[in-house]
Structure formats: C-alpha cells, structure tokens
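# A structural walkthrough
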Amino acid sequence: METTLLVSVILLNVVLLLVLGFLGFLIYKLLKDRQTPTTQAAPTTTANKPENNYHPEIQKRLEELKFSKVTTENIFCPYHPEEAGEVQCGICHKYFCARCVRPMKSIYFCKEHMALFLRSQWQEVLTLKTSSEDPEAGVRLFEKKQEVFKEKQLPSYVETHYKIDVEGDYIETYLVVFAQEDQIDEMRELLEI
Ligand SMILES: [Zn+2]
Ligand SMILES: [Zn+2]
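Nothing here was measured: the structure is a model prediction, and the numbers come from that model.

### Overview of the pattern of salt bridges
Under the counting rule described, the total for this entry stands at four salt bridges. The partner of K105 in a salt bridge is E159, and the shortest N-O contact between them spans 2.7 Å. Of this pair, K105 sits in the loop between β3 (101-104) and β4 (107-110) while E159 sits in strand β6 (residues 156-165); the two residues are 54 residues apart in sequence, bridging distant segments of the chain. Judged by relative accessible area, K105 falls into the partly exposed class, the value being 46%.

Dropping the structure here:
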C-alpha cells in the first residue's frame, strides 16, 4: 500500500514537473513572440521610409533639402505630382519639373509667374555686391525675398550680374533685385539686410 502511495507521489511529481516545464516553455515562447515584432519593426520602418523608394532625382532633392530651408512640399512638381521638382521659379521659389518652367533673362519662371513677369513693369530695388568677406549676404537676401513673397505676396526676382575685374583678375558678382514698379519703396524697406 505504501509503495503504491510512493509511486503515486513520484508520478504526480513527474507530471507536475512536466506541466511546469511545459508552462515555462509556453511563457518563454509568448515573451519571445511579443519581442519579435518590435525587433522586426525597426528594419521594416526603415524600408518603408519614403526616401528609399523615390526616384534618384527626388532622393537628390531630399539630400539637398537637409541643408536648405526649403520645405518638403517642393519635392514634386505642383502640376505633375509624379515628377521631381527640378527647377525653381524665380518668383514663387517653388520647384517645378522641366516642362513647367520657361527661361527668361537666365531666370526660370513657372507658367503663372512667366505671365506675371511679362505683363508687369519691373524696376530695380537694390543691388548687392557679394564679397568673400560676407558670403552669407546673398543667402540672407534670398531668404528675405522668399519671406516677403510668402508673407506679403509681393513678387520679386533676382538677376545675377558678373563683372570681370581685369586688373585684379577676378569676377565680381552682383545680385540685382527687381520688383513691380508700384511696390519698389515697400520692397526696399522689406528687403533691408
Ligand atoms: Zn512661380
Ligand atoms: Zn510639371
């Protein structure tokens, strides 16, 4: 009788151990499964990053955008969402595909602003001579010009003029800002840098 009891206890213990072992295995598997999606999630999101699926031109633009204050809305042509914005309009500063811009006086304009350019009278607002002492001055001027267009809808464009200094054997660069005749004074004040 005692032997039967002992055998039963041993058997029960073995069964208990098996059950515990199985439970432990289940818990381990559950925890492992829970962790797996998170470890897998990282590479998936990287792969899903839009940059990686873009056309090389767009990737190039994205790289450029990292260094400029241009927003990502300028990545695609506003008229052709499947085309990369390649050329910047001299007035609205948006990037358009090559089909949507036309050159004039070495500046590119979008359709809307080419029409504006042709029907308006333009006058010089200011001229900035770029110098090696302050190479950022030109950048600041362009930023101001963009800001004025964005916030006050006052159009302007910049011509780049070069002068060759024969004696000094160097090229001087001038940025000449033009605005509409009746907005000259306001623009002069706003573009003060
Ligand atoms: Zn434009
Ligand atoms: Zn286009």
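Here the narrative resumes.
### Focus: the coordination of the zinc ion (ligand 1)
Coordination of the zinc ion (ligand 1) by the protein comes from C89 (SG), C92 (SG), C110 (SG) and H113 (ND1), over a distance range of 2.0 to 2.3 Å. What the four donor atoms of the zinc ion (ligand 1) show is an angle range of 92 to 123° at the metal, which sorts the shape as tetrahedral. Along the chain, the residues donating to the zinc ion (ligand 1) are arranged with the sequence spacing C-x2-C-x17-C-x2-H. Highlighted residues: C89 in the loop between β1 (87-88) and β2 (95-96) and H113 in helix α4 (residues 111-119), separated in sequence by 24 residues. As far as burial versus exposure is concerned, C89 and H113 are alike and both buried.

### Topic: the coordination of the zinc ion (ligand 2)
Looking at the zinc ion (ligand 2), the protein donor atoms are C77 (SG), H80 (ND1), C97 (SG) and C100 (SG), and they sit 2.1 to 2.3 Å from it. For the zinc ion (ligand 2), the four donor atoms in the first shell make angles of 96 to 117° at the metal, a pattern classed as tetrahedral. Summarised as a motif, the one-chain spacing of the donors to the zinc ion (ligand 2) is C-x2-H-x16-C-x2-C. We classify C77 as buried; its relative accessible area is 2%.

### Brief notes about helix α5 (residues 136-152)
Under the 1.5 Å per step criterion, the end-to-end length of α5 is 24 Å for 17 residues, consistent within 8% with the ideal 24 Å. Taken together, the buried positions of α5 are A137, G138, L141, K145, V148 and F149. One side of α5 carries all its buried residues, which in axial view fall inside an arc of 115°. Facing away from the buried side of α5, by more than 90 degrees, are the exposed residues K150 and E151. On its buried side, α5 packs onto α4, β5 (122-130), β6, β7 (170-180) and α6 (184-190).

Cut-offs and rules
- Residues numbered from 1 in each chain as written.
- Chains lettered and ligands numbered in written order.
- Predicted model: local features only at pLDDT ≥ 70, side-chain atom pairs only at ≥ 80, totals over all residues.
- Heavy atoms only, no water.
- Salt bridge = Lys/Arg side-chain N within 4 Å of Asp/Glu carboxyl O.
- Helix = DSSP H or I, 4+ residues; strand = E, 2+ residues; numbered from the N terminus.
- Buried < 20%, exposed > 50% of the residue type's maximum accessible area, 1.4 Å probe, protein only.
- Donors = N, O, S within 2.8 Å, 3.2 Å for Na, K, Ca; no water.
- Tetrahedral: all angles 85-135°; square planar, octahedral: opposite > 155°, others 65-115°.
- Expected span 1.5 Å × (residues − 1).
- Arc of directions from axis to C-beta.
- Contact = heavy atoms within 4.5 Å.

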